[in-house]
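# Understanding the architecture of this molecule
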Amino acid sequence: KTVDTTSDWIVQRTGIRNRYIVGEGETTSTLATGAARKALAAAGLTAADVDLIIVATATPDYTFPATATQVQAALGVTRGAAFDLQAVCSGFVFGVSVAEKFIATGSSTCALVIGAETFSRILDWSDRTTCVLFGDGAAAVVLQATPRDEGVQLEKLGCYGESREILRIHGIGGAYVHQGRLLGATEWQFEGQDIFKKAVHGMGSACEDVLRRAGLTPEAIDLVIPHQANLRIIEFVAKRAGVPMERVYVNVHRYGNMSAATVPVALCEALEEGRIAPGARLLMPAFGGGLTFCAHLVRWGTRTQPIGLSSIDLPPSPHSALELVQRYRRAKGHALT
Ligand code: ACO
């Protein structure tokens, strides 16, 4: 046992039953590259088609160069911009907004938007209030121009900057460099109940705003694909949006909070499970550190089956998740003494 907690506490308060953490050789960019290859195969495209790469992540491999540049190099993409987007858990959905603008203005014709995180590397594994909530993961989508009335129909993005300090990670970043502090020995500032309330308010009001401007009632939404941080937050947001839980996609029990990766992983799984029909209306609310929030109304296209499949997979880790966590804890303990 590493921290004083129980499965019952975690399941009851969060709905989380299972989480994944990456093996030693993996980083955010290796996860992002694998996800990108799978997305390209599903879209029947190759690296030569891509002219924009956005990686939404709060856990980049390095401060610079950006994780997206490593993905670009690994895929062999030679055209267009590649950059990271930092809006923590809202990052992927913010990235969809950015890519959509690139495409709408003609700057890009084929964009990869990737949500990828390795929170296992920045968690404080001695802090039970946060280390039980997060997991690692990645997923990607390809966006292309279309003359049809598809894609992002309406969006609401926002930020409660005045409350940014209720969710903050110490020990990484420019504020800590040359200050005599050990970089990477992270500590979390996390006011769970306040974050919970802001998450419900931010995502709930963004959903209401988008539905009102679209002139739609909640019955018109085929599936809500929300940020997956906590089952109770999802239930409150669904209630506020007026959509019953049968039309809300939930997989937080399988992965925990994978930050920017939660919405794209949920989107991919919803597709694989046949929950998204051609032309479906999707509502995608997200919330994260910052405190960023958003909701997007998306009209799905005609294709719901992948054109191709990529066989790429992560190699099995020789170490169990518990062994890795114990190693991180030991390393931090040694470094601080
Ligand atoms: N195991 C056992 N007990 C625990 C644990 C744990 N892992 N963590 C906290 N507790 C204890 C607390 O110490 C407290 O004990 P006390 O009553 O003796 O003081 C008790 O459990 C209740 O703690 P609360 O914080 O009041 O529990 P709450 O019901 O609020 O649930 C939770 C905590 C799950 C963190 C919730 O507040 C939450 O989900 N908040 C939102 C977090 C989130 O989803 N953030 C999304 C953005 S994250 C990002 O952007 C990076």
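Summarised in this report is the structure supplied together with it. (Residues numbered from 1 in each chain as written. Predicted model: local features only at pLDDT ≥ 70, side-chain atom pairs only at ≥ 80, totals over all residues. Heavy atoms only, no water.)

Here we come to the sheet that holds strand E5 (residues 151-159). In space, the four strands of this open sheet follow the order E5-E10-E9-E8, with mixed pairing throughout. With one partner strand each, in any of the chains shown, E5 and strand E8 (223-224) form the two edges of the open sheet. In terms of strand pairing, strand E9 (residues 281-288) meets strand E10 (residues 292-299) through eight bridges, oriented antiparallel. Within E10, the residue paired with Leu283 across the bridge is Leu297. (Pairing = 2+ DSSP bridges. Helix = DSSP H or I, 4+ residues; strand = E, 2+ residues; numbered from the N terminus.)

This part is about the environment of Arg128. On the secondary structure map, Arg128 appears in helix H5 (residues 128-131). You can call Arg128 partly exposed: its relative accessible area is 45%. Discounting residues that sit within four places of it in the chain, Arg128 has contacts with Val3 and Asp4. Only 3.0 Å separates the side chain of Arg128 from the backbone oxygen of Asp4, close enough to count as a polar contact. (Buried < 20%, exposed > 50% of the residue type's maximum accessible area, 1.4 Å probe, protein only. Contact = heavy atoms within 4.5 Å. Polar contact = N/O pair within 3.5 Å; in protein donor to acceptor, adjacent residues only side chain to side chain.)

This part covers the pairing of strand E1 (residues 52-56). With five of its five residues buried, E1 lies for the most part within the structure. Here E1 shows a buried face lined by Leu52, Ile54 and Ala56 and a second buried face lined by Ile53 and Val55. Taken together, the five bridges between E1 and strand E2 (residues 81-85) define a ladder with parallel strand orientation. By the bridge assignment, Ile53 is partnered in E2 with Ala82. Chirality of the crossover, the property in question, places the unit of E1, helix H3 (residues 67-75) and E2 among those that are right-handed. Both E1 and strand E3 (residues 110-117) contribute to a ladder of five bridges, which runs parallel. Following the sheet pairing, Ile54 is matched in E3 by Val113. (Right-handed = clockwise from strand over helix to strand, strands pointing away.)

Turning our attention to the packing of aromatic side chains. Applying the stated criterion across every chain yields a total of seven aromatic pairs. A ring pair is formed by Phe83 and Phe102, whose centres lie 6.2 Å apart and whose planes are at 40°; its orientation type is tilted. Here Phe102 lies in helix H4 (residues 91-104) and Phe83 lies in strand E2, a separation of 19 residues in the sequence. On the accessibility criterion, Phe102 (25% relative accessible area) is partly exposed. (Phe/Tyr/Trp six-rings, centres within 6.5 Å; stacked < 30°, edge-to-face > 60°.)

Within the sequence span of H3, burial applies to Thr67, Ala68, Val71, Gln72 and Leu75. Angularly, the buried residues of H3 cover 145° about the axis, an arc narrow enough to put them on a single face. Buried residues along H3 sit against helix H2 (28-43), E1, E2 and E3. A positive phi of about 80° marks Gly76, the residue just after H3. (Arc of directions from axis to C-beta.)

To continue, consider the site of the ligand. Thr5, Arg13, Cys89, Gln193 and Asn230 are the nearest of the 25 residues found near the ligand. Thr5 places a side-chain nitrogen or oxygen 2.6 Å from a nitrogen atom of the ligand. A distance of 3.3 Å is found between an oxygen atom of the ligand and a side-chain nitrogen or oxygen belonging to Arg232. Elements supplying a minimum of two residues to the shell around the ligand: helix H1 (7-14), H5, helix H6 (192-214) and helix H7 (231-241). The dominant element in the shell around the ligand, judged by the number of residues it contributes, is H6, at four residues. Considered class by class, the residues forming the shell around the ligand number 12 nonpolar, nine polar and four charged. (Near = heavy atom within 4 Å. Nonpolar A, V, L, I, M, F, W, Y, C, P; charged D, E, K, R; others polar.)

Attention shifts here to the pattern of salt bridges. Counted by the stated rule, this structure contains 13 salt bridges. Notably, a salt bridge pairs Glu24 with Arg327, separated by 2.2 Å at the nearest N-O pair. Of this pair, Glu24 sits in the loop between H1 and H2 while Arg327 is found in helix H10 (residues 321-336), placing the two residues 303 residues apart along the sequence. Under the relative-accessibility criterion, Glu24 is labelled partly exposed at 46%. For Arg327, a relative accessible area of 29% translates into the label partly exposed. Between Glu269 and Arg254 there is a salt bridge, with its nearest N and O atoms 2.7 Å apart. (Salt bridge = Lys/Arg side-chain N within 4 Å of Asp/Glu carboxyl O.)

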